[in-house]
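Close look at the chain arrangement
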Amino acid sequence: MQFLQKLIAGLGVLGFTFGFVVSAAYADGGFIQDWKGKGVQSEAWQKSPDGKYFGDLPPMATEDPYMYKFSLACSTINAGHPTSCLPDREACKDGKNGKLVDWFRSLKPPSPVEWTLISGSTCIYTAKPVDVLAEIAAQIGRAFQESPIQPATIGSQPGPHTLRGQDTNFYADAHQQDFDVILLGQKVHITATPVAYTWNYGDGTVIGPTVSSGAPLPEDRIGEQTKTSHAYGATGKYAITVTTHFNGSYSVNGGPTLPIADQGHFTSAPLGLTVWRAITLNYADDCNTNPNGVGC
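Residues numbered from 1 in each chain as written. Predicted model: local features only at pLDDT ≥ 70, side-chain atom pairs only at ≥ 80, totals over all residues. Heavy atoms only, no water.

**So, the overall build of the protein chain**
A tally of regular secondary structure across the protein chain gives two helices and 19 strands. Expressed as a percentage of the 296 residues in the protein chain, the buried residues total 39%. Taking as baseline every contact in the protein chain between residues at least 6 positions apart, the subset at least 24 positions apart corresponds to 68%. As displayed, the protein chain has an accessible area near 16,300 Å², and 52% of this comes from carbon and sulfur atoms. (Helix = DSSP H or I, 4+ residues; strand = E, 2+ residues; numbered from the N terminus. Buried < 20%, exposed > 50% of the residue type's maximum accessible area, 1.4 Å probe, protein only. Contact = heavy atoms within 4.5 Å. Areas by Shrake-Rupley, 256 points an atom, 1.4 Å probe, with all protein chains shown as cover.)

**As for the packing of aromatic side chains**
A full pass over the atoms with the stated rule returns five aromatic pairs. With a centroid separation of 5.7 Å and an interplanar angle of 75°, the aromatic rings of F246 and F266 are classed as edge-to-face. Of the two residues, F246 sits in strand β16 (residues 236-252) while F266 sits in strand β18 (residues 264-267), which places them 20 residues apart along the sequence. Relative accessible area serves as the criterion here: at 10%, F266 is assigned to the buried category. (Phe/Tyr/Trp six-rings, centres within 6.5 Å; stacked < 30°, edge-to-face > 60°.)

**Description of the sheet that holds strand β15 (residues 230-231)**
Spatially, three strands are ordered β9-β11-β15 in an open sheet, and the strand pairing comes out antiparallel. Each end of this open sheet is capped by a strand with a single partner; those strands are β9 (153-157) and β15. (Pairing = 2+ DSSP bridges.)

**So, the pattern of salt bridges**
This structure, assessed with the given rule, holds one salt bridge. Residues E224 and R221 are paired through a salt bridge, measuring 3.1 Å at the closest nitrogen-oxygen approach. Accessibility expressed as a relative area gives 34% for E224, which makes it partly exposed. Judged by its relative accessible area of 37%, R221 falls in the partly exposed class. (Salt bridge = Lys/Arg side-chain N within 4 Å of Asp/Glu carboxyl O.)

**Notes on the side chain of D167**
Within the element layout of this structure, D167 appears in strand β11 (residues 167-173). One buried charged side chain, D167, makes no salt bridge at all; its nearest oppositely charged neighbour is R221, positioned 12 Å away. Within the local environment of D167, its side chain forms a polar contact with the side chain of S229, the two groups lying 3.5 Å apart. Those residues within four positions of D167 in sequence are excluded, and the remaining contacts are Q157, G223, E224, Q225, S229, H230 and A231. (Lys, Arg positive; Asp, Glu negative; His and termini not counted. Polar contact = N/O pair within 3.5 Å; in protein donor to acceptor, adjacent residues only side chain to side chain.)

**Points about the nonpolar core**
Grouped together as the largest cluster of nonpolar side chains are 17 residues, with contacts concentrated most on I136, I140, F144, I149, V188, I190 and Y250. For this core, the elements supplying multiple residues, two or more each, are α2 (132-145), β12 (177-183), β13 (186-200) and β16. Counting residues per element, this core draws most heavily on α2, which supplies six residues. Beyond its immediate stretch of four places on either side in the chain, Y250 contacts L133, I136, A137, I140, V188, H189, I190, P256, T257, L258, P259 and I260. (Core = buried A, V, L, I, M, F, W, Y, C linked by side-chain atoms within 4.5 Å.)

Okay, here's the thing in structure tokens:
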């Protein structure tokens, strides 16, 4: 992550000349995080001494021998300097009443005052720019829940019919999914990874969350007990569902990947299953001697 240190240095009148020492710690202001189209950056916004402006100031060292001023970019004062000359409304969108300015510096008296352009076309504001990182972090959980994440699909063995008292194997098929959304004008990439499952077998039995999604059994092993199997105690029709719990992560404008604090929970469409009972009857007839006997 690229760390940028920004101090707000605007005074009451644009173009006013001033000089002061910048220390390593700032008493009035705080760190915010923002995206500038090329990933995450961390910035520190600071009020000007008169409290009227926020903005950008080129780095200054302690015991700085220079004094600084700014003036409106592209003004006649700055004629001949290479500024972008973008309209303020296009260039300075992070806060209220943004103004595009150029920064100059000169050695403090008694040295001769000779102003030199050191930073062209930066922004100052009359209000603190939006903390985009905090805003996105506050909204990302809801955006995650509202993403078109596909829940797991369910399979059963046997199915769609099974027998009362027999272990029926259930399994879920879920996969990692990726989405791009726009939040606060920023491109946010969301990744959802399935990590746990909660099974509802439709007869009042619920297990989970469990990390086991289950898996299909070979044909000759159907009927065995598994971590996700269930034996029904009564006949009838049941609707089985599984809620898949997804962990999420996100990145902004191709920046570093950040975790989403809350999991996403997505429930599958129900799987219908009919439970039958098996009846065993004994007959006295010998089918070899009486092929037409009861049960033959």
